[in-house]
Amino acid sequence: MTKRDPDIRKPGDRPEPRPGILDIAAYDPGRTTATGGAKLYKLAANETPLGPSPAAAAAFLACRDGLEIYPDASAPELRDAIGAAHGILPSRIVCGNGSDELLAMVARAYLGPGDEAIHTEYGFLIYPIAIRAAGATPVAAPEKNYTTYVDGILDCLTPRTRAVFLANPNNPTGTYVPFSEIRRLHAALPPHVLLVLDAAYAEYVRRNDYESGIELVGQSQNVVMTRTFSKIHGLASLRIGWLYGPEAIVDALNRVRGPFNISVPAIKAGVAALGDRAHVEASVAHNDEWMLRVSHALETLGLEVTPSVTNFVLIHFPTTPGHTAAEAELFLLERGVVLRGVAGYGLRNALRMTIGSAEANEAAIAGLKAFMSGGNHGGRI
């Protein structure tokens, strides 16, 4: 049998994904390496510069023996620890391989062809991916000043709406809305519409009018909240997320959740991380200090910075040749500094910068100062 060029195959010559799958734009995680510089400063993925708790690292290493044994299928040890830390029932918690898996599980369990689900204009790109993968249609609600606009979400409601995915605080903008607005949104939703609150950056927020969603979940039958160990706890490589929801929704999610979806090292490290409050407080203090310093330094350079309550800032660049975001990104890469391009979010002239170590922050500021002063980039892309 002769080989056939795959480009000239006819329909039916090979398995084809179901309609809609090839309409999904694969998630772009951003750059992980630089093109120059004596040292790499990766400020593109919102990773904590303090790393994980030493207790979490020790718990991870202690798992070397027994790797041939399956974990407990529903991660009760981790759910118990989360429940104790947040004052919620472990039976209403679902753990996942990162909160991304949980968001996909929610979409798979509650959405299908003909349904719509709303996300905000600059919301996390995983939302439309999960919605489309479930066969439903994503609907982008407009934002105001890079911030969730509740009335814009409500204007998008139709009889086909089955869910609203909302990050508070939001990635990549770093903005948030007061919880009074979340409650107003929830009160206006029909009871059959599921409100998904993604609070991945909740631990960083220092605003009196903010809540992560725990209380609203406890009072409602159509609200869930997702959280992660990837940010403040510094366990991104272990992929640990959790969801808190009503009993009926947790039951549905456990029916579609894959068995053993959380590894033993992840469980043990997660439990240990929750027990080290001092490490969390140190991470918050470092972030508070450098958020102010970085934001002020960038604004001094003439750059616009969207006010952020997270561990990153969204930096807006001029549109003039020689000073655009794309040019700034490449200029910094040559100096070992990696920021996150956000053109995939529709923010073509902005970059997202994680608050990193003091050394990394200073390197990024120095690089941007050289860039904005015209340092040898000559407008090239």
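- An unreviewed UniProt entry lists the protein chain under the name Histidinol-phosphate aminotransferase, from Kaistia geumhonensis.

Quick look at the UniProt feature "domain: Aminotransferase class I/classII large" (unreviewed entry) in the protein chain
No. 1: UniProt's feature table lists "domain: Aminotransferase class I/classII large" (unreviewed entry) at residues 40-366, given in the numbering used throughout.
No. 2: For residues 40-366, helix accounts for 38% and strand for 18%, while the C-alpha atoms at its two ends are 14 Å apart.

Examining the nonpolar core
No. 1: Within the largest apolar cluster, 49 residues are counted, with the highest numbers of intra-cluster contacts made by Leu195, Phe229 and Trp242.
No. 2: Core analysis: the next-biggest nonpolar cluster, separate from the first, contains 31 residues, Leu103, Val106, Ala130 and Val250 among them.

Here we look at the side chain of serine 99
No. 1: Within the element layout of this structure, serine 99 appears in helix H3 (residues 98-110).
No. 2: When sequence neighbours within four positions are dropped, the list of residues in contact with serine 99 reads Thr226, Arg227, Thr228 and Gly241.

Thoughts on the packing of aromatic side chains
No. 1: Inspection of the entire model under this criterion finds 9 aromatic pairs.
No. 2: Between tyrosine 176 and tyrosine 210 the ring centres are 6.2 Å apart and the planes differ by 75°, which places this aromatic pair in the edge-to-face class. In this pair, tyrosine 176 sits in the loop between strand E7 (161-167) and helix H6 (179-188) while tyrosine 210 sits in the loop between strand E8 (194-198) and helix H7 (214-219), placing the two residues 34 residues apart along the sequence.
No. 3: These aromatic residues form a ring-pair network of at least three members: Tyr27, Phe124, Tyr127 and Phe165.
No. 4: Over the ring of tryptophan 290 we find arginine 293; its NZ or CZ atom is 4.0 Å from the centre of that ring.
No. 5: Looking at arginine 352, its charged tip hangs above the ring of phenylalanine 312, at a distance of 5.6 Å from the centre.

Some thoughts on the sheet that holds strand E11 (residues 304-306)
No. 1: Strands sit in the order E11-E12-E15-E14 across an open sheet of 4 strands; the sheet is antiparallel. One side of each edge strand has no neighbouring strand; the edge strands of this open sheet are E11 and strand E14 (340-341).

Some remarks on the environment of glutamine 219
No. 1: As for its position among the elements, glutamine 219 is in helix H7.
No. 2: For the pair glutamine 219 and proline 246, spaced 27 residues apart in sequence, the C-alpha to C-alpha distance is 8.9 Å.
No. 3: A polar contact is formed between the side chain of glutamine 219 and the side chain of arginine 183, at a distance of 3.2 Å.

Looking at the pairing of strand E3 (residues 116-120)
No. 1: Most of E3 is tucked away, with 5 of its 5 residues classed as buried.
No. 2: Residues Glu116, Ile118 and Thr120 point to one face of E3 and Ala117 and His119 to the other, with burial holding for every one of them.
No. 3: Read from E3 through helix H4 (residues 126-133) to strand E4 (residues 137-141), the crossover connection turns out right-handed.
No. 4: Where E3 meets E7, 3 bridges bridge the pair, whose relative direction is parallel. Across the sheet, the residue bridging to isoleucine 118 is valine 164, located in E7.

Some points on the sheet that holds strand E9 (residues 223-228)
No. 1: The strand order E2-E10-E9-E8-E7-E3-E4 describes an open sheet built from 7 strands, whose pairing is mixed. Sheet topology places strand E2 (93-96) and E4 at the edges, where each strand pairs with a single neighbour. On average, adjacent strands in this sheet sit at an angle of 20° to one another, irrespective of strand direction.
No. 2: Where H6 meets the sheet, its contacts fall on E7, E8 and E9, and the angle it forms with E8 comes to roughly 160°.
No. 3: Its contacts with the sheet put helix H8 (residues 247-256) on E2, E8, E9 and strand E10 (241-244), and the angle it makes with E2 is roughly 30°.

Side note on the environment of asparagine 254
No. 1: Among the structural elements, asparagine 254 can be located in helix H8.
No. 2: The class of asparagine 254 is partly exposed, set by a relative accessible area of 32%.
No. 3: In this structure, the C-alpha to C-alpha distance between asparagine 254 and valine 94, residues 160 residues apart in sequence, is 7.3 Å.

Comments concerning unusual backbone geometry
No. 1: With an omega dihedral of 5°, the bond running from asparagine 168 to proline 169 counts as a cis peptide bond.
No. 2: Among the structural elements, proline 169 can be located in the loop between E7 and H6.
No. 3: In this chain, asparagine 171 is followed by proline 172 through a cis amide linkage whose omega measures 20°.
No. 4: Here proline 172 lies in the loop between E7 and H6.
No. 5: Phi angles above zero are rare outside glycine, and asparagine 145 is one such case at about 55°.
No. 6: In this structure, phenylalanine 260 takes a positive phi of about 55° despite not being glycine.
No. 7: For phenylalanine 260, a relative accessible area of 37% corresponds to the partly exposed category.

Examining the pattern of salt bridges
No. 1: Enumeration over the complete set of coordinates arrives at 16 salt bridges.
No. 2: Across the salt bridge formed by aspartate 251 and arginine 255, the nearest N and O atoms sit 2.9 Å from each other. Remark: arginine 255 and aspartate 251 occur in helix H8; sequence separation between them is 4 residues, near one turn of the helix.
No. 3: A residue is classified by how much of its surface remains accessible, and aspartate 251, at 39% relative accessible area, is partly exposed.

Each value, and the rule that gives it
- Residues numbered from 1 in each chain as written.
- Predicted model: local features only at pLDDT ≥ 70, side-chain atom pairs only at ≥ 80, totals over all residues.
- Heavy atoms only, no water.
- UniProt positions renumbered as here; feature names shortened; annotations may be inferred.
- Helix = DSSP H or I, 4+ residues; strand = E, 2+ residues; numbered from the N terminus.
- Core = buried A, V, L, I, M, F, W, Y, C linked by side-chain atoms within 4.5 Å.
- Buried < 20%, exposed > 50% of the residue type's maximum accessible area, 1.4 Å probe, protein only.
- Contact = heavy atoms within 4.5 Å.
- Phe/Tyr/Trp six-rings, centres within 6.5 Å; stacked < 30°, edge-to-face > 60°.
- Lys NZ or Arg CZ within 6 Å of the ring centre and 35° of its normal.
- Pairing = 2+ DSSP bridges.
- Polar contact = N/O pair within 3.5 Å; in protein donor to acceptor, adjacent residues only side chain to side chain.
- Right-handed = clockwise from strand over helix to strand, strands pointing away.
- Axes fitted to C-alpha atoms, helices over the stretch in contact; angles between N-to-C directions.
- Salt bridge = Lys/Arg side-chain N within 4 Å of Asp/Glu carboxyl O.

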